[in-house]
Amino acid sequence: MPTLFRFFATLAILAGLVFAGMFALATFVKPTPREMSVTIPPAKLQPPANR
């Protein structure tokens, strides 16, 4: 039983570290807004032909 408890404690600590890392990245890293352009093929702009 102590081995199982140690295993779950290790998993909980690792999960806490992962959560803390994700929280730190979300809090301290600020995205830089920039212009974005996407090329759309002309076939996508034409309406579908009615039959």
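Higher on the page you've got the structure.
The structure contained in this document is the topic of the report that follows. Since the structure is predicted, the reported quantities are computational estimates derived from the model, not experimental observations.

### Regarding the overall build of the protein
Along its length, the protein carries two helices and zero strands. Taken over the C-alpha trace, the protein has a radius of gyration of 25 Å; the compact-globule value for 51 residues is 10 Å, which it surpasses by more than 25%. Along the first, second and third principal axes, the C-alpha atoms of the protein reach 70 × 35 × 10 Å. Burial statistics for the protein: of 51 residues in total, 0% are counted as buried. As displayed, the protein offers around 5600 Å² of accessible surface, 72% of which is attributable to carbon and sulfur atoms.

### Digging into helix α1 (residues 2–28)
Taking 1.5 Å of rise per residue, the 27 residues of α1 would be expected to cover 39 Å, and the 38 Å separating its terminal C-alpha atoms lies within 8% of that figure. Counting buried residues in α1 gives zero out of 27 residues, a small share hidden from the surface.

### Some thoughts on the packing of aromatic side chains
All chains considered together, the criterion is met by one aromatic pair. A ring pair is formed by Phe7 and Phe8, whose centres lie 5.7 Å apart and whose planes are at 50°; its orientation type is tilted. On the accessibility criterion, Phe8 (47% relative accessible area) is partly exposed.

### A closer look at a nonpolar patch on the surface
Taken together, the side chains of Met1, Leu4, Phe7, Phe8, Leu11, Ile13, Leu14 and Leu17 present a nonpolar region at the surface, about 890 Å² in accessible area. Of note, Ile13 is situated in helix α1.

Calculation rules
- The written sequence of each chain sets the order in which its residues are numbered from 1.
- Confidence filtering applies because this is a predicted model: local features only for residues at pLDDT of at least 70, side-chain atom pairs given and counted only at 80 or more, and all residues used for totals across whole chains, interfaces and linings.
- Computation of side-chain values covers all heavy atoms of the structure but excludes hydrogens and water.
- A run of DSSP states H or I qualifies as a helix once it reaches four residues; a run of E qualifies as a strand once it reaches two. Both are numbered from the N-terminal end.
- Taken over C-alpha atoms, the radius of gyration is set against a globule rule of 2.2 Å times the number of residues to the power 0.38.
- The buried label applies to any residue whose accessible area, calculated with a 1.4 Å probe on protein chains only, is under 20% of its type's maximum; exposed applies above 50%, and partly exposed to all values in between.
- Here the accessible surface of atoms and residues is derived via Shrake-Rupley with a 1.4 Å probe, and residues count as covered only by protein chains that are part of the display.
- Expected span of a helix: the number of residues minus one, times 1.5 Å.
- Pairing of aromatic rings covers Phe, Tyr and the six-membered ring of Trp, with a centre-to-centre limit of 6.5 Å; geometry is then stacked below 30 degrees between planes, edge-to-face above 60, and tilted otherwise.
- Patch members must show over 30% relative accessible area and no salt bridge, and they are joined within 9 Å when carrying like charges or within 5 Å when they are nonpolar side chains of Val, Leu, Ile, Met, Phe, Trp or Tyr.
- When a carboxyl oxygen of Asp or Glu lies within 4 Å of a side-chain nitrogen of Lys or Arg, that pair is called a salt bridge.

Without other data, these values stay purely geometric and don't point to any function.
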